[in-house]
Amino acid sequence: MSILDVFPVLLKGVSVTIQVLVLSAIFSYLIAFIAGFGRLSKNVLVRKFTGFYIEIFRGTSLIVQLFWFYYAIPMLFNVQVGSELMAGVLAISLNYGAYMSEIVRGSIIAVDKGQREAATALNMTRFQQMRLVILPQAVRMMLPEFGNYLIQILKATSLVSLIGMTDILYHGNMLRSTNIAMAPTIYLLILVFYFILALPLIFLTRKAEDISKKGVASS
């Protein structure tokens with residue numbers, strides 16, 4: 001077996017990897033905003049519940065969370081999470097959503113207090129202040145870190161091979177199991193595949209860093 005034989009086999013898993021990446025990224029960002037706002041809520045129960053969720057998912061291993069959603073929860077509680085895709089996306093989204101929620105919270109808090117005072121002076125409601133003044137500036141500050149976490153999410157997608165999803169790593173492991181001598185070449189090509197997928201994300205992250213430098217008021 002040669003590199004030319006390995007390449008098309010790994011290529012079969014690219015669509016699965018991209019699918020998990022896109023879905024996980026969308027839900028991670030959504031969860032991050034919900035949890036981030038939850039941490040800033042005036043309701044004590046909402047703050048406590050959100051804080052509990054964040055600490056649980058930041059304080060435990062993503063692999064363990066993945067196994068819990070796919071194996072443990074259905075066995076212990078007779079609750080079916082769904083397909084391998086659903087379990088994988090759910091675990092990755094909740095894990096990275098917990099991390100990114102602190103970025104959302106921190107960015108909102110970091111907006112200069114003078115902006116809030118000016119909005120209050122203009123007789124804006126809290127919702128208007130958040131939507132028109134605070135959030136646009138906070139989002140600019142979030143962009144670089146969100147870009148970095150997007151690359152981290154791409155790397156995390158390789159874990160779905162552990163629950164049988166036929167992504168790039170899954171096909172690589174199958175090849176390696178039948179061609180031990182080719183293992184270094186196979187894993188080198190897997191590394192190349194992930195690097196190529198990461199390149200546009202790296203480009204977007206750099207663009208996000210440029211955008212974040214513009215339009216944010218400072219004291």
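Rules of the game
- Residues numbered from 1 in each chain as written.
- Predicted model: local features only at pLDDT ≥ 70, side-chain atom pairs only at ≥ 80, totals over all residues.
- Heavy atoms only, no water.
- Phe/Tyr/Trp six-rings, centres within 6.5 Å; stacked < 30°, edge-to-face > 60°.
- Helix = DSSP H or I, 4+ residues; strand = E, 2+ residues; numbered from the N terminus.
- Patch = residues over 30% accessible without salt bridge, like charges linked within 9 Å, V, L, I, M, F, W, Y side chains within 5 Å.
- Areas by Shrake-Rupley, 256 points an atom, 1.4 Å probe, with all protein chains shown as cover.
- Salt bridge = Lys/Arg side-chain N within 4 Å of Asp/Glu carboxyl O.
- Buried < 20%, exposed > 50% of the residue type's maximum accessible area, 1.4 Å probe, protein only.
- Contact = heavy atoms within 4.5 Å.
- Core = buried A, V, L, I, M, F, W, Y, C linked by side-chain atoms within 4.5 Å.
- Axes fitted to C-alpha atoms, helices over the stretch in contact; angles between N-to-C directions.
- Parallel < 35°, antiparallel > 145°, perpendicular 65-115°, else oblique.
- Left-handed = near helix turned anticlockwise from the far one by under 90°.
- Nonpolar A, V, L, I, M, F, W, Y, C, P; charged D, E, K, R; others polar.

Details of the packing of aromatic side chains
Evaluation of the coordinates by the stated rule reveals 10 aromatic pairs. Seen from their ring centres, Tyr 53 and Phe 57 are 5.2 Å apart, and the 55 degrees between their planes marks the pair as tilted. Pair noted here: Tyr 53 and Phe 57 are both in helix H3 (residues 44-59), with a separation of 4 residues, about one helical turn. Feature note: the residues Tyr 29, Phe 33, Phe 37 and Phe 146 constitute an aromatic cluster, connected by ring pairs.

What to know about a nonpolar patch on the surface
Where nonpolar side chains cluster on the molecular surface, the patch consists of Ile 63, Val 64, Phe 67, Trp 68, Tyr 71, Met 75, Leu 76, Phe 77, Val 79 and Leu 162 and spans about 990 Å² of accessible area. Mapped onto the elements of the fold, Trp 68 is located in helix H4 (residues 62-77). A relative accessible area of 39% means that Trp 68 is categorised as partly exposed.

Considering the side chain of Glu 102
Its location among the elements puts Glu 102 in helix H5 (residues 84-110). Overall, the relative accessible area of 18% leaves Glu 102 in the buried class. If near-sequence neighbours (up to four positions away) are discounted, Glu 102 is found in contact with Arg 39, Ile 54 and Arg 58.

A closer look at the nonpolar core
For soluble globular proteins, the rule of thumb is that nonpolar side chains tend to be buried together. Counting residues in each nonpolar core, the largest one holds 56 residues, and the members touching the most others are Tyr 53, Phe 69, Tyr 96, Met 100 and Ile 168. Among the secondary structure elements, those contributing two or more residues to this core are helix H1 (3-11), helix H2 (14-39), H3, H4, H5, helix H7 (126-156), helix H8 (168-178) and helix H9 (183-212). Element by element, the count of residues in this core is highest for H5, at 11 residues.

Here we look at the packing of H1 against H9
Interhelical geometry of H1 versus H9 gives an angle of 50 degrees and a closest axis separation of 10 Å. Accordingly, the angle class assigned to the pair H1 and H9 is oblique. As H1 runs across H9, the sense of the crossing is right-handed. Facing Ile 3, Val 6, Phe 7, Leu 10 and Leu 11 of H1, the residues of H9 in contact are Thr 185, Ile 186, Leu 189, Ile 190 and Phe 193. Taken together, the residues of the contact of H1 with H9 sort by class into 9 nonpolar, 1 polar and no charged.

Thoughts on the packing of helix H6 (residues 113-121) against H7
Helix-helix packing is described using two parameters, namely the angle between the two axes and the distance between the axes. Where H6 meets H7, the axes come as close as 10 Å, and the angle between the chain directions of the two elements is 160 degrees. When the axes of H6 and H7 are compared, the pair comes out roughly antiparallel. The handedness of the crossing between H6 and H7 comes out as right-handed. Contact residues: Gln 115, Arg 116, Ala 119 and Thr 120 in H6; Gln 129, Val 133, Ile 134 and Gln 137 in H7.

Side note on the pattern of salt bridges
The tally for this structure, following the rule as stated, stands at 3 salt bridges. As a salt-bridge pair, Arg 58 and Glu 55 come within 3.2 Å of each other at their nearest N and O atoms. One end of the pair is Arg 58 and the other is Glu 55, both in helix H3 and 3 residues apart, which spans about a single turn. Assessed through its relative accessible area of 30%, Arg 58 is described here as partly exposed. A residue is classified by how much of its surface remains accessible, and Glu 55, at 47% relative accessible area, is partly exposed. We note a salt bridge from Glu 102 to Arg 105, for which the minimum N-O separation is 3.0 Å. One end of the pair, Glu 102, and the other, Arg 105, are both in helix H5, 3 residues apart, so they sit about a helical turn from each other. Overlapping salt bridges bring together Arg 39, Glu 102 and Arg 105 as one network.

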